[in-house]
Amino acid sequence: MGLERLNSLYREVILDHSDHPHHKHALPDATHKITLKNPTCGDVINLDIDLDDHDKIKDIGFTGDGCTISQSSASMMTDAVMGKSKEQALHMAKTFSDMVMGKKHPQADLDELQDAAILSNVMTFPARIKCATLSWWALQRALLKQPDGSVDSDDSDKGE
Ligand code: ZN
């Protein structure tokens, strides 16, 4: 799996998250739910997000199975976005997917990702990029999902 090639400090943080994942539980009353799969590796994530009335992430949890990278990424992602607004969380998801593709970001954006910033190192393993981004895609798609189940990729036409 190639993890042994990672710097040992990074590897330790990644293994700690996958062995003891944070927020790994379902939220029965979540306002936003999604299931995403990464067929190339067999990773599955069920993500539950509970937004409060001000679109702030009140609680977040995930269940599912997958490789070390996908599990630890989901754990890191839930840590990073807990308590953030929907907009902040979407910005962080964008930062993360840009980061693993090798795009540069201001240090402040990377700091906001907390432990998840460590996963920038997976871009040296192209096969693992989808494992790392799965939970962030789930976050993005769940937050952009409309009550009717459709995915709104353009945030400009919020008719209320
Ligand atoms: Zn995987």
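Residues numbered from 1 in each chain as written. Predicted model: local features only at pLDDT ≥ 70, side-chain atom pairs only at ≥ 80, totals over all residues. Heavy atoms only, no water.

Peer 1: Go over the coordination of the zinc ion, please, and point to the residues and values.
Peer 2: In the first shell of the zinc ion, the protein supplies Cys41 (SG), Asp43 (OD), Asp43 (OD), Cys67 (SG) and Cys131 (SG), at 2.2 to 2.7 Å from the metal. Taking relative accessible area as the criterion, Cys41 reaches 34% and is therefore assigned partly exposed. By relative accessible area, Cys131 is classed as buried at 1%. (Donors = N, O, S within 2.8 Å, 3.2 Å for Na, K, Ca; no water. Buried < 20%, exposed > 50% of the residue type's maximum accessible area, 1.4 Å probe, protein only.)

Peer 1: I'd like to hear about helix 2 (residues 68-81), residue by residue, with values.
Peer 2: Each turn of an α-helix holds 3.6 residues, which means side chains three or four residues apart point in the same direction. End to end, helix 2 covers 20 Å across 14 residues, agreeing with the expected 20 Å (1.5 Å per residue, within 8%). Within helix 2, 13 of the 14 residues are buried, leaving the element largely enclosed by the surrounding structure. Note on helix 2: the residue one or two positions beyond its end, Gly83, has a positive phi of about 85 degrees. (Helix = DSSP H or I, 4+ residues; strand = E, 2+ residues; numbered from the N terminus. Expected span 1.5 Å × (residues − 1).)

Peer 1: Tell me what's going on with unusual backbone geometry, and back it up with residues and numbers.
Peer 2: Positioned with a positive phi, Asp55 is a non-glycine residue whose angle comes to about 60 degrees. A positive phi is found at Gln114, a non-glycine position, where the angle reads about 55 degrees. Mapped onto the fold, Gln114 is located in the loop between helix 4 (107-112) and helix 5 (129-144).

Peer 1: Could you give an account of the nonpolar core, naming the residues involved and the relevant values?
Peer 2: Leu47, Ile49, Ile69, Val81, Phe96, Trp136 and Leu139 are the most contacted members of the largest nonpolar core, which has 44 residues in total. The greatest single-element share of this core, amounting to ten residues, is contributed by helix 5. When sequence neighbours within four positions are dropped, the list of residues in contact with Trp136 reads Ser73, Met77, Ala80, Val81, Met92, Ala93, Phe96, Leu113 and Ala116. (Core = buried A, V, L, I, M, F, W, Y, C linked by side-chain atoms within 4.5 Å. Contact = heavy atoms within 4.5 Å.)

Just geometry here; none of it tells us what the structure is for.
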